[in-house]
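Geometric and topological summary
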Amino acid sequence: MSDSNPVRCRFAPAPSGFLHVGGARTALFNWLFARHHGGVFVLRVEDTDADRVTDEAVQVLERSLRWLGLDWDEGPEVGGLHGPYRQTERYDVYRKVGEQLAAGGHAYRCYCTPEELEARRKEALARGSAPGYDGRCRRLTDTERAAFEAEGRPWALRFAIPEGRDVEFDDLVKGPSRFASDSLRDFIVVRSDGSPTYLLASGVDDIRMGMTHVIRGEDLLPSTPRQLLLFESLGAEPPRYAHLPLILGPDRAKLSKRHGAVAVEWFREHGYLPDAVVNYLALLGWSPGGDRELFSRQELVEAFDLSHVSHHPAVFDAQKLEWMNGQYLRQLSDEDLAVRLVDVLADAGEPADIRVVRQAAPLVKERMQTLDRAPELLRFLFRDDVPLDERARAAVEKVGAEYLTEAADRLEALGTWTAPAIAGALDELVQARGLNRTKGWQPVRAAVTGTTVSPPLPESLALLGRERTVARLRRAAA
RNA sequence: GCCCCCAUCGUCCAGCGGCCCAGGAUUCCACCCUUUCAAGGUGGCGACACGGGUUCGAAUCCCGUUGGGGGCACCA
């Protein structure tokens, strides 16, 4: 952008109780764009649908955004020069604009009730014709109008789409776009209860809050010409628009709850790292060109560019996100990983000593795609009542009690309790029996950890301690 | 039904007229490494939707067909 005014863009969600990955991606692209240009990123809460939005939903939204590391410069709580940033607190603004539109002849009172509109829509659909508003109240005669008013009929304010116009704009990702105004239907701007609708509130706020760029999902592309017409009738200078391709589920329909995990909160709770989620989302519908896939936040900010946003929808690939999360997990320092593991373990009901976890961290780092796998991998360290699962029992029975007793004896007699020493003792046992490590170590693993899958055995035993190791071997032998 | 958007491996991307009988990643399979499981390494399967043009030359440009997506609410 060569514009001299600083970039201002926003994420303007309707809080629904959770932040959807599609919303998160939109927020991320706005944030990247703002940060790349040294601009301002605004959070605006679009809560005009009063019966659906709750304070708690707003909390969850903000928590998810913060978790992702998408900080905003203006918004609810943090404030800013263009507040308030919750639309329910801005109704006087919208009401005045509504009056201005009506006074200028750009909007008219529509007396159709929601029921009537619904019935007509269904009828139109059944007939196979366009379901939109037919414009009947726009053509009301003075006497008809007077009759409705006398009747005390409630009315909504409807924007009058000018006829025979071409609305043109240059979308920053789609390129030049044109809509014929005749394909647009008159839309409600103020509901009969006085509240504004999306088209009005969002448009007015984009102007009032000085937005230079509106980056949003492609599902809103058709609302752009309507808002442009609205701005024109208000004499306002419109922002630039950029419409992002949608994120789809495996069935190629718009990603939604029924596709499974789509809430950012879910990924937080299931052991995903925000950096991994951000990296994955950034590459969903955008690419800096080339084959690289792992980018730090700073690198993303530096490389971000609207012109490289793809034009077609992208299917959300949970497996690839998992892989990427594993990559980020492995990049963590042992200390960093340990701190996170303590939280995860506590949540899983395995309160753990940070000193032990610190030593366990390198043992599990390569064995997890997500943090929430840690409890099952490390449980044997934190509780002594480890029941043997089916496979573990089979492994133990295969070698018999006497084998485990000898293992216990040898380990008990060991001079130093270190991983190499333990490995040495186990190897001696294995050799004496003419076994190999795979066959000879597995029963020990099974007896001590209760499973046939665990972190490396000598290191695990070293961490567990001699006493507990020996006790478990003897108990399994009994 | 009408309006709009789009089209490269199953999936995400690279490619922006010759470097491409198409490259990377993920998934899946095999092998190597190996104390289990992983991680890592190597290799393999796998795509330019179709038809017309334009051009010396097309995955790249144009048109059409087909296919996919979105929208057409007193939801946002």
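Quick summary incoming for the structure in this document. (Residues numbered from 1 in each chain as written. Chains lettered and ligands numbered in written order. Predicted model: local features only at pLDDT ≥ 70, side-chain atom pairs only at ≥ 80, totals over all residues. Heavy atoms only, no water.)

**Comments concerning unusual backbone geometry**
What counts is decided by this rule: A run of H or I in DSSP counts as a helix once it spans at least four residues, and a run of E counts as a strand once it spans at least two, with each numbered from the N terminus.
A cis amide bond links Gly-83 with the next residue in sequence, Pro-84, at an omega value of 0°. For Pro-84, the location among the structural elements is in the loop between helix H2 (55-68) and helix H3 (91-103). Here Glu-77, not a glycine, exhibits a phi torsion of approximately 70°, which is positive. The topology assignment puts Glu-77 in the loop between H2 and H3. Residues other than glycine seldom take positive phi values, yet Arg-252 does so here, at roughly 65°. Positionally, Arg-252 belongs in the loop between strand S10 (247-248) and helix H8 (264-269).

**Notes on the packing of aromatic side chains**
Aromatic ring pairs are defined here through the distance separating the ring centres and the angle between the ring planes. Here is the rule we go by: Under the pairing criterion, centres of Phe, Tyr and Trp rings, with the six-membered ring standing for Trp, must be within 6.5 Å; the plane angle then separates stacked pairs below 30 degrees from edge-to-face pairs above 60, leaving the rest tilted. Buried, partly exposed and exposed residues are distinguished by accessible area as a fraction of the type maximum, computed with a 1.4 Å probe on protein chains only: under 20%, between the cut-offs, and over 50%, respectively. A ring has a charge above it when a Lys NZ or an Arg CZ is no more than 6 Å from the ring centre and no more than 35 degrees off the ring normal.
Within the structure shown, the criterion is met by 12 aromatic pairs. Judged by centre distance (6.2 Å) and plane angle (65°), the rings of Phe-267 and Phe-316 are edge-to-face. One end of the pair, Phe-267, is in helix H8; the other, Phe-316, is in the loop between strand S11 (314-315) and helix H11 (318-331), and 49 residues separate them in sequence. The exposure classification of Phe-267 matches that of Phe-316, with both residues buried. Through pairs of rings, three or more aromatic residues link up here, namely Trp-266, Phe-267, Tyr-272, Tyr-280 and Phe-316. Just above the ring of Phe-29 sits the side chain of Arg-25; from NZ or CZ to the centre is 5.1 Å. The ring of Tyr-133 has Arg-158 sitting right over it, with the charged end atom 3.4 Å from the ring centre.

**Points about H3**
So the rule is basically this: Expected span of a helix, by definition, is 1.5 Å for each gap between consecutive residues, and there is one gap fewer than residues. Note that the arc is defined by the directions from the helix axis to the C-beta atoms. Residue contacts are defined here by distance: any two heavy atoms, one from each residue, within 4.5 Å place the two residues in contact.
The end-to-end C-alpha distance of H3, which contains 13 residues, comes to 18 Å, matching closely the 18 Å that a straight helix rising 1.5 Å per residue would cover. Of all the positions in H3, only Val-93, Tyr-94, Val-97, Gly-98 and Leu-101 are classed as buried. Projected down its long axis, H3 shows its buried positions confined to an angular sector of 135°, all on one face. In the core, the buried residues of H3 are packed alongside strand S3 (107-110), strand S4 (156-159), strand S7 (188-190), helix H6 (198-208) and helix H7 (224-234). Once H3 finishes, Gly-105 follows within two positions and takes phi at roughly 75°, a positive value.

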